[in-house]
Amino acid sequence: MVNAEKWIENIEKELKIAEDNGDISGRFNELIKGLIIRYKRLEEYNLELKQSQNELSELYTQYFDLFDEAPVGYFSLDMERVVRNVNSKGVELLQLTKKQILGHNFIDFISPKYRNRFYTKLALAMDTQKKRVLELQLIRDTPFYVHMEIMPLPFAANDKFRIIVIDITERKESEDKIKRILGNIVESYVEYDNEWRYVDMNSKFEETFGLKRNEIIDRVVWEVLPQTVGSLQYREFHKAKKENIPVNFESKSLVSGDWFEVHAFPHPEGLSVYLHNITDRKEAEEALHESEEKYRLMVETAQEGIVISKPDGPYIFVNQKMADMLGYTQEEIDGRSSTDFMCSEDQRKQVMQAREDIGQDNISGEFKFCCKDGTVLWTSYNASPFYDGEGNHIGNLALHTDITKRKEAEVDLKKSEQRFSSLIIATSEVLYQMSPDWSVMLQLNSQGFLTNTEKPNPNWLQEYIPPEDQQLVTSAINEAIRTKSVFELEHRVWQEDGSVGWTFSRAVPILDDKCEIIEWFGAASDITEGKKAEEQLKKQLKN
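Everything numeric in this text was worked out from a predicted model, so none of it was measured.

Q: Even after reading the chapter, I still don't get the sheet that holds strand β20 (residues 517–526), so can you show me in this structure?
A: The pairing of strands in a sheet comes from backbone hydrogen bonds and takes either a parallel or an antiparallel form. Spatially, the five strands line up as an open sheet ordered β17-β16-β20-β19-β18, and their pairing is antiparallel. Of all strands in the sheet, those with a lone pairing partner are β17 (441–446) and β18 (487–494), marking the two edges. Neighbouring strand axes in the sheet, compared pairwise and without regard to direction, differ in orientation by 25° on average. Pairing between strand β16 (residues 430–434) and β17: five bridges, direction antiparallel. Bridge assignment links methionine 434 to a residue of β17, and that residue is methionine 441. Where helix α17 (residues 467–483) meets the sheet, it contacts β18 and β20, and its direction lies at approximately 160° from that of β18.

Q: Can you walk me through the environment of histidine 147 in this structure?
A: Within the element layout of this structure, histidine 147 appears in strand β4 (residues 144–152). The spacing of histidine 147 and leucine 134 is 13 residues in sequence and 6.2 Å in space, taken between C-alpha atoms. Side chain to side chain, histidine 147 and glutamate 149 meet in a polar contact 3.3 Å long.

Q: Before we go on, may I ask you to explain the state of the cysteines in this structure?
A: Think of a disulfide as a covalent bridge from one cysteine sulfur atom to another cysteine sulfur atom. The tally for this structure, following the rule as stated, stands at one disulfide. A sulfur-sulfur distance of 1.9 Å marks the disulfide that ties cysteine 343 to cysteine 370. Highlighted residues: cysteine 343 in the loop between α13 (330–333) and α14 (345–358) and cysteine 370 in strand β13 (residues 363–370), separated in sequence by 27 residues. A residue is classified by how much of its surface remains accessible, and cysteine 343, at 29% relative accessible area, is partly exposed. Note on cysteine 371: no disulfide assigned, nearest cysteine sulfur contributed by cysteine 370 at a separation of 7.6 Å.

Q: Help me understand the environment of lysine 212, please; the structure alone is not making it clear to me.
A: With respect to the helices, strands and loops of the structure, lysine 212 is situated in the loop between α7 (203–209) and α8 (213–216). Taking the C-alpha atoms as reference points, lysine 212 and methionine 201, separated by 11 residues in sequence, lie 9.8 Å from one another.

Q: Whenever I open this one, the pairing of strand β9 (residues 259–267) confuses me. Can you help?
A: Where a strand is regular, its side chains alternate between the two sheet faces. Counting buried positions over the nine residues of β9 gives eight, a clear majority of the element. Bridging between strand β8 (residues 247–252) and β9 involves six bridges; their strand directions are antiparallel. Residue pairing in the sheet places asparagine 248 in a bridge with histidine 263 of β9. In textbook terms, the turn of a hairpin is the stretch between consecutive antiparallel strands, and for β8 and β9 this stretch comprises six residues, one of which, glycine 257, has a positive phi near 85°. The turn joining β9 and strand β10 (residues 270–276), which pair antiparallel and follow one another in sequence, is formed by two residues.

Rules used throughout
- Residues numbered from 1 in each chain as written.
- Predicted model: local features only at pLDDT ≥ 70, side-chain atom pairs only at ≥ 80, totals over all residues.
- Heavy atoms only, no water.
- Pairing = 2+ DSSP bridges.
- Helix = DSSP H or I, 4+ residues; strand = E, 2+ residues; numbered from the N terminus.
- Axes fitted to C-alpha atoms, helices over the stretch in contact; angles between N-to-C directions.
- Contact = heavy atoms within 4.5 Å.
- Polar contact = N/O pair within 3.5 Å; in protein donor to acceptor, adjacent residues only side chain to side chain.
- Disulfide = S-S within 2.5 Å.
- Buried < 20%, exposed > 50% of the residue type's maximum accessible area, 1.4 Å probe, protein only.

Function cannot be inferred from these measures alone, as they are strictly geometric.
Right, here's the structure in full:
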């Protein structure tokens, strides 16, 4: 673009020439047109810039919304610290409903003694536009410790901060256990603030290093012990604070000449340090390792396989859990698609259909994968689409839960049911199912003796039982329901050909885990010929 001042100077020269030539009106009109064109171009540039900024803001916000099912809590705050959005994990951590969280000041969920610390970190995040990290307590039935990251959102329209929260209560309890082990009477203990000033110590520390509490409190450790500047202790302590991680190391004291194993624990107010005899090292290391391992597993692993893919299928991201479920490394899966892991063409078609369906709404279902070692993996999935700032479908997020064992159990159960059904059919003419109170016949399968019922039938008593036996059948049913015992009765029935026959019916109640009847399963036999013979015999005996 031409420099504005230079351009104006050129216009003035051209107007002067036009005036000298007596053509000031025509030349002035041309310049006005040129000015209008340049103004329109400037408006276009401004519009394009505004659109780019809006798209960037939408994409930035959309990125975080993908992780509503992530294993960490996300909270979006405005400038007044009011919660504008929270993901499912955040709701779970606070043990409240989403409605009880949204619209409330985030400070209300922080333990009072940690609120000033939160204010300080929030202000630093705003001033520097950089992420700030701290540990504090949140409030629910009982306070619990969390690792918190405050992330400023410079391009978002309304959300000014993204708060990431991870429950570290178990880790803190492990650390406290270690502190209690290390903090006994034979251990040296010292506490520093964030400016490396002494704030607390025990008598063993004074005795070990020849220091007096009243002489060093509120003094900087590197001024009291200048010989330690640049030492291993100096480097490790600064590492602990900079990276916000506990450190432990073995070091020969430059003050006393003794060897110590040093454990340093950073916290928002400073650093807690314990020194103990090297002979206790193994016990302390084991406890610390257990604590660190639990924390690592909590942060780095998820309970479900997570997949992010493009709309047409290729994977963008697969977490370690999903890779482990399939038996591949993450690198081997990268760029591939779900269809590459299906066991049949029908299943590949199922995946293709799911891709079409997810473009419209969230979907769920089951997939059958073929693993690297040839085994089968069944998963239950929930998938959601996500969009760019213009509403274009740009990808899908899916969560997979391994249900292989359940599916195998279902197959075994079905086979067992088929074998049982075959046995019953082989020994009985009629199989039937009834509702818990016998008000509805759910199903009846007969081999030509009675009329089959495929759909629930509430009129079964009138359709199958002659009037003279209905009271007898009803009484027997009521007694079986009352006692939750086997129903067993010989009675007359309407046969499929419309004539009256006799049956011996027996049904057992199916109970739930609360010992309540959920249905009745029964079998019946045709005893019509037997009854006829019995009646004939009675007549002969009577005569």
